[in-house]
Every structure is written in C-alpha cells, then in structure tokens.
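A structural walkthrough
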Amino acid sequence: MIQEEKDRIQKFIKLQVKGIDPFPSKSSRTHKNKEVFKKFNGLLKEKSIVLAGRLILIRSHGKICFAQIKDDSGKFQICFQQDVLGKEKYKNFLKLIDVGDFIEVKGSLFKTKTGAKTLKVYSWKLLTKTFLPLPEKWHGLSDIEERFRKRYLDLLANDQVMDIFIFRSKLVELIRNFFNKKDFLEVETPILQSMAGGATATPFVTHHNSLDMDMYLRVAPELYLKRLIIGGFEKVYEISKCFRNEGIDWSHNPEFTQIEFYWAYANYNDLMKLVEEFFEFIFKKLFTSNKDLKIKYQGKQINFKPPYKKIKFNKAFIKWAGIDLDKHKSLSALTKQAVRIGIKVDKTWGKDKLIDEIYKEKIRPMIINPCFLIDHPIELSPLAKKTKYSDNYVERFQLVVGKMELCNAFSELNDPADQEQRFKYQQQLRDKGDKEAQQTDNDFILALKHGMPPTAGLGMGIDRLTCLLTDTKNIKEVILFPTMRKKNK
C-alpha cells in the first residue's frame, strides 16, 4: 500500500468520525458544466445552482481556495471562501478532501477579475471518497499498454481518448440512421453458434454442459442473415460482435464489431454504389465543414469523393506482385512465385492461404485512396457467386483505404449444389490442418434448397472505420477494452 493511499484512508476515517458520509447514494445536481458555460449570463440571476463532479484541481490561497470539477461535459471552476462557508466547513474541505474525490457544490455564479466563469460555493457535499490518486502524466508511462489495461485512468487523463469514443458512438448512430432510411431492418442473430461459418477464420470453442455439445463464438453473422433473406426479408442488417481466434496486431483484435447487411435482388455492383453513398452521408454528418470529402490518415491525404477506383484482383497481382494468377494456377507454381518475391511460405498453406498472404504483403500496402479490389479467385470466396466471364473468379470486392481493408462484399452464392461443393473443398482444407477453413453447414444448404433470391451482402469493420476517420493507427485505441495478454506474461 502506497503512502498516499494510507493518508486517504485516514481522511476517510476522520470523515466518518465527523459524521460525514463518504459514499452517499444521491446527488441533487441541477446543471452540467457545459450547460452552465452556455447559459452563464442567464444563470447569473439564479440565487443558487448545484454542480457535481470529480475534483481535478485544488489551489489554496489562505482563506480562499479555487478548484475545478469535471463531469462528462467538461470542467468548471469553483471557489471556496472561509467567510462564506464558515471556518469548520472550509477547514474540512482543505484537510479531508483530495483531488480525485467526487463532490457536490451549491452556490451562485460570478466572474473573477480575469473573466473566468466561476461558482461561489455556499455549501459542499462529499459524494465519493477516493483511496488512490489520479494518474499524473499518464501518457509518459514507460509501459504504454497500461493505458489499455486501465482504460478508466486513460479516459480521465486524456480528453482526446474520451473524444474518440464519443465520436465512435456518433458514428454507430449514423450507421443505423443510414440503413434505417434505406429501409433495412435491424435484426439480431446468435452469437453462440453450433457451427462457426460465414468467414474464413479460426473460431473460439466452448462447451454447453446441458446439451453436451461444443459451440462456437460466431466469426460472422452471414449464414444466419442469409437465412432471413430466404425467409422473406429483403433488407436486413446487424451491428454485430464477432470473435476470431487469431493474432493481435495494429489492425486486429480477437473481439471486434462490424456492420453486416444483406440486400435481396441486388449484386455487388449495387453494393459499390451504396458504399460510395454511405461515405458521402457519413462525411456530411460527421464533418460538416469537410465538403470535399478529404481526410488525413497517418500523414496521407485520402479523398473519399466518388467514384472510387476499381481494379480486378488479378490485375493488382500483376501490377504490384508481378504474378499472373491465370498463368500460375497450381499450388506449386504459385509457391515458386511467392518465394521469388520474398514471401515466407508455410508448407501447410493451401492455394487460398498463399494468395491471401501475397495480397496482404504486396497488394494491400500499395493502396491509399479508396479502391474497390474486385473479382477475387474462387479459392478465397466459398460463399460468393462466380463471375460471368470465368469460373475461376467470383463477384466479390474489398474496399481498401489507407493500406487497410474496410469492407468485404459479394454477390451471394444461391446455388445449393455449388455451395455444397464449395463446402466440401473447405472441408478438405480443414482435413489437411487449415483451422481457418469453413465447416460444412448442411442446414444452410438445406435452407438454400428452399430458394434464396439474387442477393448481395457486405461486412464493414466499425473499429477500423473509426481508426480511419479519427486518424488512429492502433485498433486498441478505438476499442474501450481491447484484448490484452495477462500482465505477468
């Protein structure tokens, strides 16, 4: 126990001896700090108002003391005077109250000689006694991961961190507004699933005791959302928590949030137009002065003004990796090309994994401005419809911005026989040791046999989108409580 904690505990005991409740259950606050700033002139006429918040600064000058309290709307200055409060109450405040404590103050407004808006305190009430001090120079700590482990202190110490999460909340609200106005219905699908499907990823496995069966945290809501399209809904979306048992880096967290939606009687071209419309809507609502749809991300200027560039997946491979997928169709031929350009190839990789690794290392880092990377190899997309010009490619796109993938979308495969064959190929990959390959979902195939109309679907990571729009590099900065390694490890 540190000395300051011992000192605060002693003050806590003295408060109890004096009959002062250190943890009352209610406050009588009448105004928030931001409201007082805005309506200051009108509130000058009030005999008294009541503010409440955390003390973040105390400056004592003999018989007068200035302090600041903070609530979630901002800071406000308060003034304690011995001749107003009385000697005992004034002394109790100075001797028993610390920075970090929550207090309630009642008084009237005035301006100091320097013009600072201030509340003259007539009476005060302790709301919460704190036993540990607030952090000082929190961002100067050598172990920066402590900011993420103790996010509550990070929020207290850094207003910019609070601003990011306020921004994120507004962004999620706007996402809902956009899709609601487009007549999409918000739905909920299972997080705990009997089969992990809808994405190429390793799932988290748990066990249900009563049913005596293994279950999975969902890697994506896709297959359930498409069941709803089969059931008769034409436009559905879900803001969903998803879980993937994968590595952690600047753009990945095992638990993440995405918007995923499905649109009957549409294809991936319709989705590209909708994505461009979506970003215009978001920019106009979030950045009212930003009419040219430009932002800066990690030192690069990014222009979101549509139309966005489109490039076919194989052409991107030829341009940036020097590999023509149509000429190097076998796994062995592609492996030789990958080694040639410096890719460290794992012997357990199938063709799909190898293509994806080349894409991540050689293609994605070359894209700054919004670009639709379209028509992916069929091996990468077991749930997408084949293109008209080739059975080797599917109607899929990824929106890549600032070297980061934001969206994954495709015209949905609705041929049950073709889907069954794709699942069989995925199962072969699983049998060879690929834990990310998708499982065969026979119930979904059965649902497809009842008929699904032409449909397009898209998933967009909200965490990455927040990173992009707030010029934040590390995804941990935009997730309130990111997944962290145990401290003793």
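Nothing here was measured: the structure is a model prediction, and the numbers come from that model.

1. What to know about the overall build of the chain
- Helix and strand counts for the chain come out as 16 helices and 18 strands.
- For the chain, the share of sequence-separated contacts (at least 6 apart) that also reach a separation of at least 24 residues comes to 64%.
- For the chain, the accessible surface area stands at approximately 25000 Å², while carbon and sulfur atoms represent 50% of it.
- Across the chain, the centroid of the 87 positively charged side chains sits 7 Å from that of the 62 negatively charged ones.

2. Let's talk about the pattern of salt bridges
- Using the criterion set out here, one finds 30 salt bridges in the structure.
- We note a salt bridge from Asp71 to Arg29, for which the minimum N-O separation is 3.7 Å. Here Arg29 lies in the loop between α1 (3-17) and α2 (33-38) and Asp71 lies in strand β2 (residues 64-71), a separation of 42 residues in the sequence.
- On the accessibility criterion, Asp71 (9% relative accessible area) is buried.
- Among the salt bridges present, the one from Lys226 reaches Glu412, with a minimum N-O distance of 2.7 Å.

3. Here we look at the nonpolar core
- Core analysis: the biggest nonpolar cluster contains 47 residues, and Phe179, Phe279, Phe304, Phe397 and Leu469 have the highest contact counts within it.
- Looking at this core, the element that brings in the most residues is helix α10 (residues 268-286), giving 11 residues.
- Leave out the neighbours within four places in its chain, and Phe279 touches Phe304, Tyr308, Leu399, Leu406, Met460 and Leu465.
- By size, the runner-up hydrophobic cluster in this structure holds 25 residues, among which are Val36, Ile103, Val105 and Val121.

4. With respect to the sheet that holds strand β1 (residues 49-61)
- Taken in spatial order, the 5 strands line up as β1-β2-β3-β5-β4 and close into a barrel, and their pairing is mixed. Ignoring strand direction, the axes of neighbouring strands in this sheet form an average angle of 50°.
- Judged from the 6 bridges that link them, β1 and strand β4 (residues 102-111) form a sheet pairing that is antiparallel. Across the sheet, Val50 pairs through a bridge with Lys106, a residue of β4.

5. Some thoughts on unusual backbone geometry
- With an omega dihedral of 5°, the bond running from Pro306 to Pro307 counts as a cis peptide bond.
- If you trace the backbone, Pro307 turns up in the loop between β13 (300-303) and β14 (309-312).
- At Tyr265, a position not held by glycine, the phi torsion is positive, near 65°.
- If you trace the backbone, Tyr265 turns up in the loop between β11 (255-264) and α10.

6. A few points about the confidence of the model for the chain
- Taken residue by residue, the chain gives an average pLDDT of 94. The fraction at 70 or more is 98%.
- Contacts of residues 138-142 to residues separated by more than four positions or lying in other chains number 10 contacts, the stretch itself having pLDDT below 50.

7. Observations regarding a positive patch on the surface
- Residues Lys14, Lys18, Lys63, Lys87, Lys91 and Lys95 make up a contiguous surface patch of positive charge.
- Ranked by residues supplied to the positive patch, first place goes to helix α5 (residues 87-96) with 3 residues.
- Residue Lys14 is classed as partly exposed on the basis of its relative accessible area, which comes to 48%.

8. Overview of the packing of aromatic side chains
- One pass over the full model with this rule turns up 26 aromatic pairs.
- Ring geometry for Phe80 against Phe93: centres 3.9 Å apart, planes inclined by 20°, an arrangement best described as stacked. Of this pair, Phe80 sits in strand β3 (residues 74-81) while Phe93 sits in helix α5, and the two are 13 residues apart along the sequence. Summarising the burial analysis for this pair, Phe80 and Phe93 share the class buried.

9. A closer look at the pairing of strand β10 (residues 235-243)
- Of all the 9 residues making up β10, 7 are buried; the element is thus mostly covered by neighbouring parts of the structure.
- Sheet analysis places strand β6 (residues 185-186) next to β10, joined by 2 bridges and oriented parallel. Residue pairing across strands places Leu185 opposite Val236, the latter belonging to β10.
- As paired strands, β10 and β11 are joined by 9 bridges and run antiparallel to one another. Note on β11: the bridge partner recorded for Ser240 is Gln258.

10. Some thoughts on helix α11 (residues 313-321)
- For α11, the set of buried residues is Phe313, Asn314, Ala316, Phe317 and Ala321. Buried residues of α11, seen end-on, are gathered within an arc of 155° and therefore sit on one face of the element. In α11, those exposed residues whose orientation departs by more than 90 degrees from the buried face are Lys315 and Lys319.
- At its buried positions, α11 is contacted by β14, α12 (331-340), α13 (351-363), β15 (371-377) and β16 (393-401).
- Just beyond α11, the residue with positive phi is Gly322, at close to 70°.

11. Side note on α12
- What α12 keeps buried is the set Ala333, Leu334, Gln337 and Ala338. Each buried residue of α12 lies within a common arc of 135° when the element is viewed along its axis, so the set occupies one face.
- As for α12, its buried residues are in contact with α13.

12. Focus: the packing of helix α8 (residues 159-181) against α10
- The N-to-C vectors of α8 and α10 enclose an angle of 130°; their axes lie 10 Å apart at closest approach. The angle between α8 and α10 falls in the class oblique. Considering only the axes of α8 and α10, their crossing is right-handed. Only Leu274, Glu277, Phe278, Phe281, Ile282, Lys285 and Leu286 of α10 make contact with α8, whose side of the interface consists of Phe167, Lys170, Leu171, Leu174, Ile175, Asn177, Phe178, Phe179 and Lys181.

13. Quick word on the environment of Ala201
- With respect to the secondary-structure elements, Ala201 resides in the loop between β7 (192-193) and β8 (204-208).
- Since its relative accessible area comes to 5%, Ala201 is described here as buried.
- As for Ala201 and Glu436, which are separated by 235 residues in sequence, their C-alpha atoms are 4.1 Å apart.
- Discounting chain neighbours no more than four positions away, the residues touching Ala201 are Val219, Arg244, Lys435 and Glu436.

14. Observations concerning the side chain of Lys11
- Here Lys11 shows up in helix α1.
- With residues near it in sequence (within four places) discarded, Lys11 still touches Lys95, Leu96, Asp98 and Lys129.

The rules behind these values
All residue numbers refer to positions counted from 1 along the written sequence of the respective chain. Local features in a predicted model are, by the rule used here, given only for residues with pLDDT of at least 70; side-chain atom pairs are given and counted only at 80 or more, and totals for whole chains, interfaces and linings are based on all residues. Heavy atoms throughout the structure, all of them, feed into the side-chain values; hydrogens and water do not. The numbering of helices and of strands both runs from the N terminus, where a helix is a DSSP run of H or I of at least 4 residues and a strand a run of E of at least 2. Two residues form a contact once any of their heavy atoms are found within 4.5 Å. The method behind every accessible area is Shrake-Rupley, applied with a 1.4 Å probe, and residues are considered shielded solely by the protein chains displayed. For the purpose of charge, His is not counted, nor are the chain termini; Lys and Arg are scored as positive and Asp and Glu as negative. Charge positions are represented by NZ for Lys, CZ for Arg, CG for Asp and CD for Glu. Any Lys or Arg side-chain nitrogen found within 4 Å of a carboxyl oxygen on Asp or Glu counts as a salt bridge. Throughout this description, buried means an accessible area under 20% of the type-specific maximum (1.4 Å probe, protein chains only), exposed means over 50%, and partly exposed covers the range between. For this analysis, a nonpolar core means a set of buried residues of the types Ala, Val, Leu, Ile, Met, Phe, Trp, Tyr and Cys, connected via side-chain atoms within 4.5 Å. Paired strands are those between which DSSP finds at least two bridges. Lines fitted to C-alpha atoms define the axes, with helix axes restricted to the stretch in contact, and inter-axis angles between N-to-C directions lie between 0 and 180 degrees. Each residue carries a pLDDT score, the predictor's confidence in it, ranging from 0 to 100. Each patch groups residues whose relative accessible area exceeds 30% and which form no salt bridge, using 9 Å between like charges and 5 Å between nonpolar side chains of Val, Leu, Ile, Met, Phe, Trp and Tyr. Note on aromatic contacts: the rings of Phe and Tyr and the six-membered ring of Trp form a pair at centre separations within 6.5 Å, being stacked when their planes are under 30 degrees apart, edge-to-face when over 60 apart, and tilted otherwise. Comment: arc refers to directions from the helix axis out to C-beta atoms. Our angle categories are set so that under 35 degrees counts as roughly parallel, over 145 as roughly antiparallel, 65 to 115 as roughly perpendicular, and the remainder as oblique. Each crossing is labelled by how the near helix is turned from the far one, with a counterclockwise turn of less than a right angle marking it left-handed and a clockwise turn marking it right-handed.

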